[in-house]
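Remarks on the overall topology
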Amino acid sequence: MPDEPYEPERAIAGTGMGGQMDLAASEAVSLEKMPRGPDGTERPAGRPRSLWSDAWHDLRRNPVFILSGLVILFLVVISLWPSLIASGNPLQCDLAKAQEGSQAGHPFGFNGQGCDVYTRTVYGARTSVAVGVCATLGVAVLGSVLGGLAGFFGGVWDALLSRVTDVFFAIPVVLGGLVLLSVVTSNSIWPVIGFMVLLGWPQISRIARGSVITAKQNDYVQAARALGASNSRMLLRHIAPNAVAPVIVVATIALGTYIALEATLSYLGVGLKPPSVSWGIDISAASPYIRNAPHALLWPSGALALTVLAFIMLGDAVRDALDPKLR
């Protein structure tokens, strides 16, 4: 290594006991070139990792994330192409086979109407995943925009948003669904998605508001403001990338909650209605026959529970990876 000029301020290192010791110039430089990762181990010098690269590094080694990700990937695939594993028609029923158990070609048996439980369970994933994803996207976008703007500008807009969110938090979700969706005659998924967005955005809005308020106080934002950056540039280039992590975590966990909420509303008869195929509809139809045909209730209930659990586990893994306090 070529000789480097000796700089005293670069040649002082802590002893770990509150003291200091002198180092040669080459030794001091070598200490600077060996930064430590989030786990405390040294890694080669280079461009420092960002929050997202560190999070992905941790997620790839998290078995909870891998397991839940595989389950969700399987659900997405069968939602897009259910015919890959189910060749039957979910609306084709035979009353002569009502409440019969497992048979060749029908591993889950038949429900009270003589419909194949396996086929309806597979096709029910399409409705549940579509409702959960669309509702989560709508809630995340609306809540992030309103909460971010209120947290950035403050003042009367922040106070107004706080009072509006208080009103929405006071509305019970299930009771609100019973009241609002009972007057809807449409049989599509969009009224259910619209209801979830209407009552779900305040939670994301509160989180986005708090994240933006914290991020806008950082030195790099103040420096950008001093250099004359516009409000839109500070929001999009400096604040949003550093405030979006909590929103992603909460939205990931909430996705499973919205899937469960759709099944609950469908079970109560105000969500999706026949001939739509939904796990909530199948659970509601199988409940009266739980003693004679428990299999008709077991399989859609198990699929619903597994789906919700997978999304909650994924959200927990993402939260652990994105929260620096947990490193």
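About the criteria used
Residues numbered from 1 in each chain as written. Predicted model: local features only at pLDDT ≥ 70, side-chain atom pairs only at ≥ 80, totals over all residues. Heavy atoms only, no water. Phe/Tyr/Trp six-rings, centres within 6.5 Å; stacked < 30°, edge-to-face > 60°. Helix = DSSP H or I, 4+ residues; strand = E, 2+ residues; numbered from the N terminus. Buried < 20%, exposed > 50% of the residue type's maximum accessible area, 1.4 Å probe, protein only. Contact = heavy atoms within 4.5 Å. Expected span 1.5 Å × (residues − 1). Arc of directions from axis to C-beta. Disulfide = S-S within 2.5 Å. pLDDT = per-residue confidence, 0-100. Core = buried A, V, L, I, M, F, W, Y, C linked by side-chain atoms within 4.5 Å. Salt bridge = Lys/Arg side-chain N within 4 Å of Asp/Glu carboxyl O. Patch = residues over 30% accessible without salt bridge, like charges linked within 9 Å, V, L, I, M, F, W, Y side chains within 5 Å. Areas by Shrake-Rupley, 256 points an atom, 1.4 Å probe, with all protein chains shown as cover. Bend = angle between axes of the 7 residues up to and from the residue.

1. A look at the packing of aromatic side chains
Inspection of every chain in the model, using the stated rule, returns 5 aromatic pairs. Ring plane angle 80 degrees and centroid distance 5.1 Å describe the contact between Phe108 and Tyr118, whose orientation is recorded as edge-to-face. Pair noted here: Phe108 is in the loop between helix H3 (63-80) and helix H4 (117-153) and Tyr118 is in helix H4, with a separation of 10 residues, a long-range link. Each of the two residues, Phe108 as well as Tyr118, counts as buried. Ring plane angle 65 degrees and centroid distance 5.5 Å describe the contact between Phe168 and Trp201, whose orientation is recorded as edge-to-face.

2. Remarks on unusual backbone geometry
Of the consecutive residues Pro274 and Pro275, the connecting peptide bond is found in the cis state with omega at 10 degrees. If you trace the backbone, Pro275 turns up in the loop between helix H10 (245-267) and helix H11 (279-286). Even without a glycine there, the phi angle at Gln99 is positive, about 65 degrees. By the element assignment, Gln99 lies in the loop between H3 and H4.

3. Overview of the side chain of Thr136
Structurally, Thr136 is set in helix H4. Once you skip the residues sitting within four places of it in the chain, Thr136 turns out to touch Ala251, Ala254, Leu255 and Tyr258.

4. With respect to helix H5 (residues 155-169)
Here H5 contains 15 residues, and its C-alpha end-to-end distance of 22 Å stays within 8% of the 21 Å for a straight helix at 1.5 Å per residue. Taken together, the buried positions of H5 are Asp158, Leu161, Ser162, Thr165 and Phe168. For H5, the angular spread of buried residues about the axis comes to 125 degrees, placing them on one side. Opposite the buried face of H5, at more than 90 degrees from it, the exposed residues are Val156 and Val167. Buried residues in H5 make contact with H4 and helix H7 (190-215).

5. Observations concerning the state of the cysteines
In total, this model carries 1 disulfide according to the counting rule given. For Cys93, the disulfide goes to Cys115, at an S-S distance of 1.6 Å. The chirality of the disulfide connecting Cys93 with Cys115 is right-handed, given an S-S dihedral of about 80 degrees. Of this pair, Cys93 sits in the loop between H3 and H4 while Cys115 is found in the loop between H3 and H4, placing the two residues 22 residues apart along the sequence. Judged by relative accessible area, which is 38%, Cys93 ranks as partly exposed.

6. A look at the confidence of the model for the protein
Residues of the protein with pLDDT of at least 70 account for 83%, and the chain-wide mean is 83. Taken element by element, the predicted model of the protein shows its lowest mean pLDDT in helix H1 (residues 25-32) (43) and its highest in H3 (94). Below pLDDT 50 for its whole length, residues 6-34 participates in 31 contacts with residues either more than four positions away or in separate chains.

7. A look at the nonpolar core
As a rule of thumb, soluble globular proteins bury nonpolar side chains together. Membership of the largest hydrophobic core comes to 35 residues, with the highest contact counts inside it found for Ile259, Leu304 and Leu322. Those elements that provide at least two residues to this core are helix H2 (51-59), H3, H4, H10, H11 and helix H12 (295-322). Top element by residues in this core is H12. It accounts for 12 residues. In terms of nonpolar packing, the next biggest core, distinct from the first, is built from 25 residues, Leu161, Phe195, Leu265 and Leu272 among them.

8. A word on the environment of Leu146
Among the structural elements, Leu146 can be located in helix H4. Residues Leu146 and Trp157 lie 11 residues apart in sequence; the distance between their C-alpha atoms is 9.5 Å.

9. A few points about the pattern of salt bridges
Applying the stated criterion to the full structure yields 6 salt bridges. Linking Arg120 and Asp282 is a salt bridge whose minimum nitrogen-to-oxygen distance equals 2.8 Å. Remark: Asp282 occurs in helix H11 and Arg120 occurs in helix H4; sequence separation between them is 162 residues. The exposure class assigned to Asp282 is buried, which follows from its relative accessible area of 9%. Here the salt bridges share partners, and the residues they tie into one network are Arg163, Asp166 and Arg206.

10. Things to note about a nonpolar patch on the surface
Residues Val173, Val174, Leu175, Leu178, Val179, Leu180, Leu198, Tyr267 and Leu268 make up a contiguous nonpolar surface patch of roughly 720 Å² in combined accessible area. Per element, the largest residue contribution to the nonpolar patch is 6 residues, and it comes from helix H6 (residues 173-181). Structurally, Val179 is set in helix H6.

11. Things to note about H10
Compared with the 33 Å implied by 1.5 Å per residue over 23 residues, the 34 Å span of H10 between its first and last C-alpha is a close match. Where H10 bends most, the angle comes to about 25 degrees, and this point is Ala254. Once H10 ends, the next one or two residues include Gly269, with phi positive near 90 degrees.

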